[in-house]
Amino acid sequence: MPDYSLERAWRGPVAGVDEVGRGALAGPVMAAAVIVPEARLRAVAELGLDDSKKLGPKRCRELYCRLVRLVKVGFGEASVEEIDRLNILQAALLAMQRAAAALPVRPEAALVDGAHAPALDCPVRTVAGGDAASLSIAAASVLAKTARDRRMAALDRDWPGYGWALNAGYGVPAHLAALARLGPTPCHRRTFRPVSKLLIPKDS
């Protein structure tokens, strides 16, 4: 289970940063940056945080409602257009930069899940499997996932038929079948297969 030991390497506030949506075929990539105040540390630790993929959507929604009252959080995203223009890695790093910039307090350092560090105005340490190691990264994981799930549910109402309220834009069989049947929307990432294949003229 994640704890606060990595954050204690610095004296000032430390932000945990995570992104979600890199592997989806549709929708933005989103990130959250979280600072756990010392006064709220025990309350956050008692929530039972973990990697959002292990917790499931319902539990993440429950935790989201409690976390936003306990932590300082900034959200950021990169659009579908930015994903197609920059590539998904650079877009994910951009979303993390925006999340950190949206924090109400400037962090002294940042712990970032994964192997790639965004360019931030503070020291950055990457942490493989960070959402299972760092309490603030685990909180960021839950908040980013829930925020993105909500965004995809809203897009599902605008573009029905793809099941985004259930699959969050990932390439599950039902989404792939709808994509083949209905074709891509403006919310689909045009540089991602199989979306890109559907955009190639059949006689080419």
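Here we summarise the structure given alongside this text. None of the values given here were measured: they were computed from a predicted structure.

Cut-offs used in this document
Residues numbered from 1 in each chain as written. Predicted model: local features only at pLDDT ≥ 70, side-chain atom pairs only at ≥ 80, totals over all residues. Heavy atoms only, no water. Helix = DSSP H or I, 4+ residues; strand = E, 2+ residues; numbered from the N terminus. Rg over C-alpha atoms; globule rule 2.2 N^0.38 Å. Buried < 20%, exposed > 50% of the residue type's maximum accessible area, 1.4 Å probe, protein only. Contact = heavy atoms within 4.5 Å. Areas by Shrake-Rupley, 256 points an atom, 1.4 Å probe, with all protein chains shown as cover. Pairing = 2+ DSSP bridges. Axes fitted to C-alpha atoms, helices over the stretch in contact; angles between N-to-C directions. Salt bridge = Lys/Arg side-chain N within 4 Å of Asp/Glu carboxyl O. Phe/Tyr/Trp six-rings, centres within 6.5 Å; stacked < 30°, edge-to-face > 60°. Lys NZ or Arg CZ within 6 Å of the ring centre and 35° of its normal.

1. Here's the deal with the overall build of the chain
So, point 1. What the chain contains, in helices and strands, is 9 helices and 5 strands.
So, point 2. Each helix (α) and strand (β) of the chain, taken in turn from the N terminus, gives the series β-β-α-α-α-β-α-α-β-β-α-α-α-α.
So, point 3. Its C-alpha atoms give the chain a radius of gyration of 18 Å, near enough to 17 Å, the size a compact globule of 204 residues would have.
So, point 4. In terms of overall dimensions, the chain has C-alpha extents of about 60 × 30 × 25 Å along its principal axes.
So, point 5. Counting all 204 residues of the chain, 49% fall into the buried class.
So, point 6. Within the chain, counting contacts between residues at least 6 apart in sequence, those at least 24 apart form 66% of the total.
So, point 7. Accessible surface, the chain as shown: approximately 10000 Å² in total, 54% of it carbon and sulfur.

2. Comments concerning the pairing of strand E4 (residues 109-113)
So, point 1. Burial analysis of E4 places 5 of its 5 residues in the buried class, the great majority of the element.
So, point 2. Bridge count for strand E1 (residues 14-20) against E4 is 4 bridges, and the pairing is parallel. In the sheet register, Ala15 faces E4, and the bridge partner there is Ala110.
So, point 3. Of the pairings in the sheet, the one linking E4 to strand E5 (residues 124-127) comprises 4 bridges and is parallel in character. Looking at E5, one finds that Asp113 is bridged to Val127.

3. Observations regarding the sheet that holds E1
So, point 1. Taking strand neighbours across the sheet as the criterion, the 5 strands line up as E3-E2-E1-E4-E5 in an open arrangement whose pairing is mixed. Of all strands in the sheet, those with a lone pairing partner are strand E3 (72-78) and E5, marking the two edges. Within the sheet, the average angular offset between the axes of one strand and its neighbour, ignoring direction, is 20°.
So, point 2. Its contacts with the sheet place helix H6 (residues 135-158) against E1, strand E2 (29-35), E3, E4 and E5, and it is angled at close to 40° to E1.

4. Thoughts on the pattern of salt bridges
So, point 1. Taken as a whole and judged by the stated rule, the model has 6 salt bridges.
So, point 2. A salt bridge links Glu62 to Arg59; the nearest nitrogen and oxygen atoms lie 3.3 Å apart. Of the two residues, Glu62 and Arg59 both sit in helix H3 (residues 57-70), 3 residues apart, roughly one turn of that helix.
So, point 3. When its relative accessible area of 37% is taken as the criterion, Glu62 is described as partly exposed.
So, point 4. Glu82 is the salt-bridge partner of Arg98, the closest N and O atoms lying 2.9 Å from each other. Taken as a pair, Arg98 in helix H5 (residues 88-101) and Glu82 in helix H4 (residues 80-86) lie far apart in primary sequence, 16 residues in all.
So, point 5. Look at Glu82 and you get buried, because its relative accessible area is 14%.

5. Overview of the packing of aromatic side chains
When we look at a pair of aromatic rings, we describe it by the centre distance and by the angle of the planes.
So, point 1. Here the structure, examined in full by the defined rule, presents 1 aromatic pair.
So, point 2. Look at Tyr162 and Trp164: their rings are 5.3 Å apart centre to centre, the planes differ by 20°, and that puts the pair in the stacked class.
So, point 3. When its relative accessible area of 0% is taken as the criterion, Trp164 is described as buried.
So, point 4. Positioned over the ring face of Tyr64 is Arg150, at 4.3 Å from the centre of the ring.

6. Structural notes on the side chain of Ser134
So, point 1. Looking at the secondary structure, you find Ser134 in the loop between E5 and H6.
So, point 2. The class of Ser134 is buried, set by a relative accessible area of 0%.
So, point 3. In this view, Ser134 contacts Pro2, Asp3, Leu6, Glu7 and Leu111; residues no more than four positions away in its chain are not counted.

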